[in-house]
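Here is what each chain is made of, one letter per residue.
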Amino acid sequence: MRIDHLINGKSVAGKDYFETVNPATQEVLAEVASGGEAEVDAAVAAAKEAFPKWANTPATERAKLVRKLGELIAKHVPEIAETETNDCGQVIAQTGKQLVPRAADNFTYFAEMCTRVDGHTYPTPTHLNYTLFHPVGVCALISPWNVPFMTATWKVAPCLAFGNTAVLKMSELSPMTAARLGELALEAGIPAGVLNIVHGYGKEAGEPLVAHRDVRAVSFTGSTATGNRIVQAAGLKKFSMELGGKSPFVIFDDADFERALDAAVFMIFSNNGERCTAGSRILVQKGIYAKFVDRFVERAKRITVGDPLDEKTIVGPMISQGHLAKVRSYIELGQKEGANMLCGGLDAPVLPDRVKNGNYVLPTVFADVQNSMRIAQEEIFGPVACIIPFSDEAEAIRLANDIQYGLSSYVWTENIGKAHRVAAAVEAGMCFVNSQNVRDLRQPFGGTKASGTGREGGTWSYEVFCEPKNVAVSM
Ligand code: NAD
């Protein structure tokens with residue numbers, strides 16, 4: 001199979017191609033066009049030309065087309081989920097039941113929202129001030145490999161619905177479902193040039209795209225290191241930067257133990273642990289610490305590691321051999337740093353024949369971790385849990401915040417006052433109280449500190465995809 005760029009509604013061949021590989025089997029899935037400056041220039045030019053007409057299309061008309069795209073995705077969930085699972089190793093129970101349906105919802109939601117974009121009025125005795133929200137122009141949308149289809153649609157849906165045009169660049173490790181998105185967008189009737197897709201590597205395709213002078217906004221999801229490079233290369237533009245995380249999952253003695261345990265297991269091992277909002281630092285109060293560690297390890301040992309196409313699998317393969325090596329290096333490091341490894345480790349998991357060459361690692365639990373250790377401070381982005389004991393509320397807050405990141409956070413306690421105090425004190429863009437991460441599309445999604453800038457979701461998406469203008473009329 002060959003995957004080409006999508007530029008101005010047409011499939012455009014690449015000068016070079018790279019392979020995308022199934023991380024469970026090492027089978028080559030497709031040859032993918034490897035874009036560079038020339039393809040980026042052509043895609044941005046197409047998006048620029050398509051912009052005025054699309055921006056001036058009534059929101060109700062744009063909404064129809066964007067909604068139609070959501071319906072087409074919903075119709076093709078099994079096919080897209082299987083492609084996504086094969087390309088990036090996320091298990092089918094997640095792609096089929098959560099991630100691809102959520103992608104369809106992104107279009108339905110923003111189709112509705114774009115018809116309701118309204119401003120504010122600030123009347124004074126001398127002037128009537130009101131705000132208009134204009135589309136921004138050509139937007140660069142850059143997506144990582146961990147939940148590629150959902151992340152791409154989370155950007156494409158508001159971008160197009162609010163009247164912008166887009167050039168999308170997927171991760172070179174997981175480009176396949178975006179190619180399908182491009183086909184479905186044309187089938188939905190979205191005009192040529194409104195959504196363009198350039199495939200390729202970060203340096204060759206991503207950097208010229210973000211630096212392009214006709215690109216007005218950059219919505220990027222990926223690592224903090226790349227986010228820093230992008231801001232420097234892009235210069236003065238609107239940014240939404242959704243970056244890395246190492247989120248604290250704080251469990252107090254008085255928490256609902258069983259629910260907290262379930263959620264803690266889910267938040268580090270689901271999505272193969274390759275999840276930006278993973279609760280990867282589990283802070284547990286000393287009164288329940290020993291019991292929690294025992295029960296957590298018991299649960300981790302029971303997790304099914306295997307074929308991502310099997311509905312029962314919880315942990316599938318790591319995206320690439322390089323990423324597997326990185327995750328394994330942290331497992332070695334944790335032992336060297338003196339953390340107590342209670343299960344998992346570097347032994348090979350027992351696997352079904354079909355996936356015996358996949359990039360697998362066992363769910364691994366480190367207890368008695370000190371927050372200063374590198375395994376607690378750095379994003380491992382795999383199924384590796386760090387459990388850290390704490391004494392009281394003040395220490396929990398100090399440990400939660402003693403980190404460069406600030407994406408998500410989780411607080412478990414039955415004491416309502418404590419829940420609100422900790423939620424207010426934790427340095428993170430999101431805090432879930434007595435809950436795992438549950439997305440509401442109206443909620444501001446994003447992080448603080450090294451986890452990013454800007455928020456997307458609901459009216460928060462105006463920040464990147466709309467340009468507000470104040471109009472002051474003399475009375
Ligand atoms: P990455 O930063 O390596 O790559 C992300 C994307 O950026 C890819 O498409 C890549 O090709 C592109 N890229 C790389 N260098 C570039 C450059 N110089 N200019 C422009 N584009 C460039 O990240 P990854 O390994 O694909 O993804 C994992 C990271 O993403 C983790 O840190 C994770 O926490 C983060 N992430 C964050 C969120 C969030 O919402 N905050 C969500 C998912 C993943």
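On a predicted model such as this, the values are computed, not experimentally measured, just so you know. (Residues numbered from 1 in each chain as written. Predicted model: local features only at pLDDT ≥ 70, side-chain atom pairs only at ≥ 80, totals over all residues.)

Here we look at the overall build of the protein chain
Phase 1 of the analysis: The helix and strand inventory of the protein chain stands at 15 helices and 23 strands.
Phase 2 of the analysis: Relative to the globule expectation of 23 Å for 475 residues, the C-alpha radius of gyration of the protein chain, 23 Å, shows essentially globular dimensions.
Phase 3 of the analysis: Evaluated residue by residue, the protein chain yields a buried proportion of 53% over its 475 residues.
Phase 4 of the analysis: In the protein chain, the proportion of contacts linking residues at least 24 apart, taken out of those at least 6 apart, comes to 72%. (Helix = DSSP H or I, 4+ residues; strand = E, 2+ residues; numbered from the N terminus. Rg over C-alpha atoms; globule rule 2.2 N^0.38 Å. Buried ≥ 20, exposed ≤ 12 C-beta atoms within 10 Å, placed from the backbone. Contact = placed C-beta atoms within 7 Å.)

Thoughts on the site of the ligand
Phase 1 of the analysis: Around the ligand sit 32 residues, and of these P144, G202, G206, G222 and T226 come closest.
Phase 2 of the analysis: Those elements that place two or more of their residues in the shell around the ligand are α7 (202-211) and α8 (224-234).
Phase 3 of the analysis: The element that contributes the greatest number of residues to the shell around the ligand is α7, accounting for 5 residues.
Phase 4 of the analysis: Of the residues that constitute the shell around the ligand, the class distribution is 11 nonpolar, 14 polar and 7 charged. (Near = placed C-beta within 6 Å. Nonpolar A, V, L, I, M, F, W, Y, C, P; charged D, E, K, R; others polar.)

Section: the UniProt feature "domain: Aldehyde dehydrogenase" (unreviewed entry) in the protein chain
Phase 1 of the analysis: UniProt tags residues 16-471 as "domain: Aldehyde dehydrogenase" (unreviewed entry).
Phase 2 of the analysis: The span residues 16-471 is 42% helix and 20% strand, and its two end C-alpha atoms sit 49 Å from each other. (UniProt positions renumbered as here; feature names shortened; annotations may be inferred.)

Focus on unusual backbone geometry
Phase 1 of the analysis: The phi torsion at Q26 lies on the positive side, around 70°, for a residue other than glycine.
Phase 2 of the analysis: For Q26, a count of 13 C-beta atoms within 10 Å translates into the label partly exposed.
Phase 3 of the analysis: One non-glycine residue, N272, lies in the positive phi region at around 60°.
Phase 4 of the analysis: Relative to the helices and strands, N272 resides in the loop between α9 (257-269) and β14 (281-285).

Details of the UniProt feature "active site" (unreviewed entry) in the protein chain
Phase 1 of the analysis: Following the UniProt record, the feature "active site" (unreviewed entry) maps to E242 here.
Phase 2 of the analysis: The buried category is assigned to E242, around which 27 C-beta atoms lie within 10 Å.
Phase 3 of the analysis: Filtering out sequence-adjacent residues up to four positions away, E242 remains in contact with F220, T221, G446 and G452.

What about the sheet that holds strand β1 (residues 2-3)?
Strands pair in a sheet through their backbones, by hydrogen bonds, and they do so in one of two ways: parallel or antiparallel.
Phase 1 of the analysis: Pairing within the open sheet is mixed, and its 3 strands lie in the order β1-β5-β4. With partners counted over all chains shown, the strands left at the sheet margins are β1 and β4 (16-21), one partner each.
Phase 2 of the analysis: Where β1 and strand β5 (residues 28-34) come together, 2 bridges link them in parallel fashion. In the sheet register, I3 faces β5, and the bridge partner there is V32. (Pairing = 2+ DSSP bridges.)

Thoughts on the environment of V91
Phase 1 of the analysis: For V91, the location among the structural elements is in the loop between α3 (77-88) and α4 (92-114).
Phase 2 of the analysis: Residue classification places V91 among the buried positions, given that 27 C-beta atoms sit within 10 Å.
Phase 3 of the analysis: Aside from chain neighbours lying at most four places away, what touches V91 is T85, P308, T313, I314 and G316.

Digging into α7
For an α-helix, the turn length of 3.6 residues means that residues three or four places apart are oriented alike.
Phase 1 of the analysis: For α7, the complete set of buried residues consists of A205, G206, E207, P208, L209 and V210.
Phase 2 of the analysis: Next to the buried residues of α7 lie α1 (37-55), β8 (138-142), β9 (165-169), β11 (215-221) and α8.

Here's the deal with the packing of α3 against helix α6 (residues 176-188)
Phase 1 of the analysis: At a closest axis distance of 8 Å, the pairing of α3 and α6 adopts a crossing angle of 150°. With respect to α6, the axis of α3 lies roughly antiparallel. From α3, I80, T83, E84 and D87 reach across to α6, where they touch M176, T177 and R180.
Phase 2 of the analysis: Class assignment for the residues of the contact of α3 with α6 results in 2 nonpolar, 2 polar and 3 charged. (Axes fitted to C-alpha atoms, helices over the stretch in contact; angles between N-to-C directions. Parallel < 35°, antiparallel > 145°, perpendicular 65-115°, else oblique.)

Things to note about the packing of helix α2 (residues 59-75) against α4
Phase 1 of the analysis: Direction vectors running N to C along α2 and α4 enclose 170°, while the axes themselves pass 8 Å from each other. If you check the angle between α2 and α4, you find them roughly antiparallel. On α4, the residues touching A59, R62, A63, V66, R67, L69, G70, I73 and A74 of α2 are V100, P101, A103, A104, F107, T108, F110, A111 and C114.
Phase 2 of the analysis: Grouping the amino acids of the contact of α2 with α4 by side-chain chemistry returns 14 nonpolar, 2 polar and 2 charged.

Points about the confidence of the model for the protein chain
Predicted coordinates in regions of low pLDDT should not be interpreted in detail.
Phase 1 of the analysis: Confidence in the prediction for the protein chain averages 98 pLDDT; 100% of positions are at 70 or higher.
Phase 2 of the analysis: We note a pTM of 0.97 for the whole complex and an ipTM of 0.97 for its interfaces. (pLDDT = per-residue confidence, 0-100.)

Regarding α3
Phase 1 of the analysis: The end-to-end C-alpha distance of α3, which contains 12 residues, comes to 16 Å, matching closely the 16 Å that a straight helix rising 1.5 Å per residue would cover.
Phase 2 of the analysis: Those residues of α3 lying buried are I80, A81, T83, E84, T85, N86, D87 and C88.
Phase 3 of the analysis: Next to the buried residues of α3 lie β4, β5, α2, α4, α5 (148-161) and α6.
Phase 4 of the analysis: Backbone geometry just downstream of α3 places G89 in the positive-phi region, at approximately 85°. (Expected span 1.5 Å × (residues − 1).)

What to know about the nonpolar core
Phase 1 of the analysis: In this structure, V250, I251, A264, L283 and I387 are the most contacted members of the largest nonpolar core, which totals 148 residues.
Phase 2 of the analysis: Those residues in contact with L283, other than ones at most four positions away along the chain, are P248, F249, V250, I251, I388, F390, A396, L399 and A400. (Core = buried A, V, L, I, M, F, W, Y, C linked by C-beta atoms within 7 Å.)

Things to note about the pairing of β14
Sheet faces and side chains relate simply in a regular strand, where the side chains alternate between the two faces.
Phase 1 of the analysis: Extensive coverage of β14 is indicated by the burial of 5 of its 5 residues.
Phase 2 of the analysis: The alternating pattern of β14 places R281, L283 and Q285 and I282 and V284 on opposite faces, both of which are buried.
Phase 3 of the analysis: Direction of pairing for strand β13 (residues 248-251) relative to β14: parallel, over a ladder of 4 bridges. Bridge pairing links P248 to R281 in β14.
Phase 4 of the analysis: Once the chain exits β13 it traverses α9 before rejoining the sheet at β14, and the crossover so formed is right-handed.
Phase 5 of the analysis: In terms of strand pairing, β14 meets strand β17 (residues 384-390) through 5 bridges, oriented parallel. Within β17, the position partnered with V284 by the bridge is P389. (Right-handed = clockwise from strand over helix to strand, strands pointing away.)

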